[in-house]
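Coordinate analysis (summary)
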Amino acid sequence: QVQLVESGGGLVQAGGSLRLSCSASGRTFNMGWFRQAPGKEREFVANINWSGDRTDYADSVKGRFTISRDNAKNTLYLQMNSLKPEDTAVYYCAAGWVAGQDPSGFGSWGQGTQVTVSS
């Protein structure tokens, strides 16, 4: 099972930007970002296929977040712009063979990185 390590989280003011990175220990297929706020279920943010030519986003982040990957570096990214306080959550990187918005389709998970957006 591939190991995933996220980085890039932090505290930012509303309207600001952050870029999350996820380093994988080996080759991955479909990858995605999910987030979980306190007291809420883990929710889908974005996913990307192996070649990077297919992406999908949650409606809440469309037009603000961009998912990308560099397969030569085994790294996944999430560029987050125009951040809102409601984006505050722990963000998780995931990898799996089944693309989709359901967390159960991803078999490998990182430990998460905290993103806090102040108003």
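Numbers given to residues run from 1 along each chain, matching the order in which its sequence is written. Given that the model is predicted, a residue must reach a pLDDT of at least 70 before its local features are reported, and side-chain atom pairs must reach 80 or more before they are shown or counted; all residues, however, enter totals for whole chains, interfaces and linings. The basis for the side-chain values is all heavy atoms of the structure; hydrogens and waters are excluded.

A pair of strands is labelled paired if DSSP reports no fewer than 2 bridges between them. Here a strand is any run of E in DSSP of at least two residues, a helix any run of H or I of at least four, and the numbering for each starts at the N terminus. Taken in spatial order, the four strands line up as E1-E3-E8-E7 in an open sheet, and their pairing is antiparallel. Sheet topology places strand E1 (4-7) and strand E7 (65-70) at the edges, where each strand pairs with a single neighbour. The mean inter-strand angle of the sheet, taken between neighbouring strand axes irrespective of direction, is 15°. As paired strands, strand E3 (residues 18-24) and strand E8 (residues 75-80) are joined by six bridges and run antiparallel to one another. Paired with Ser21 across the bridge in E8 is Tyr77. In this analysis an axis means a line fitted to C-alpha atoms, helices contributing only their contacting stretch, and an angle means the value between N-to-C directions, from 0 to 180 degrees.

The next point concerns the state of the cysteines. What we call a disulfide is simply a covalent bond connecting the sulfur atoms of a pair of cysteines. We call a pair of cysteine sulfur atoms a disulfide when they lie within 2.5 Å. Summed over all chains, the structure comprises one disulfide. Between the sulfur of Cys22 and that of Cys93 lies a disulfide, 2.0 Å long from S to S. A torsion of -70° about the S-S bond marks the disulfide between Cys22 and Cys93 as left-handed. Placement of the pair is Cys22 in strand E3 and Cys93 in strand E9 (residues 89-96), with a sequence separation of 71 residues. Across the pair, Cys93 and Cys22 agree in class, each one buried. Only protein chains enter the accessibility calculation, which uses a 1.4 Å probe; a residue whose area is less than 20% of its type maximum is buried, one above 50% is exposed, and one in between is partly exposed.

What you see with E1 is a clean split: Leu4 and Glu6 sit on the buried side and Val5 and Ser7 on the side with no burial. The pairing of E1 with E3 spans four bridges and is classified as antiparallel. Bridge pairing in E3 places Glu6 opposite Cys22.

On to the pattern of salt bridges, then. Salt bridge, as applied in this entry: a Lys or Arg side-chain nitrogen positioned within 4 Å of an Asp or Glu carboxyl oxygen. Per the counting criterion, the structure on display carries four salt bridges. Salt-bridge contacts for Glu43 lead to Arg35; the nearest nitrogen and oxygen are separated by 2.6 Å. Residue Arg35 is classed as buried on the basis of its relative accessible area, which comes to 6%. With a closest N to O distance of 2.8 Å, Arg64 and Asp87 form a salt bridge. Of this pair, Arg64 sits in the loop between strand E6 (55-57) and E7 while Asp87 sits in the loop between E8 and E9; the two residues are 23 residues apart in sequence, bridging distant segments of the chain. The buried category is assigned to Asp87, whose relative accessible area is 0%.

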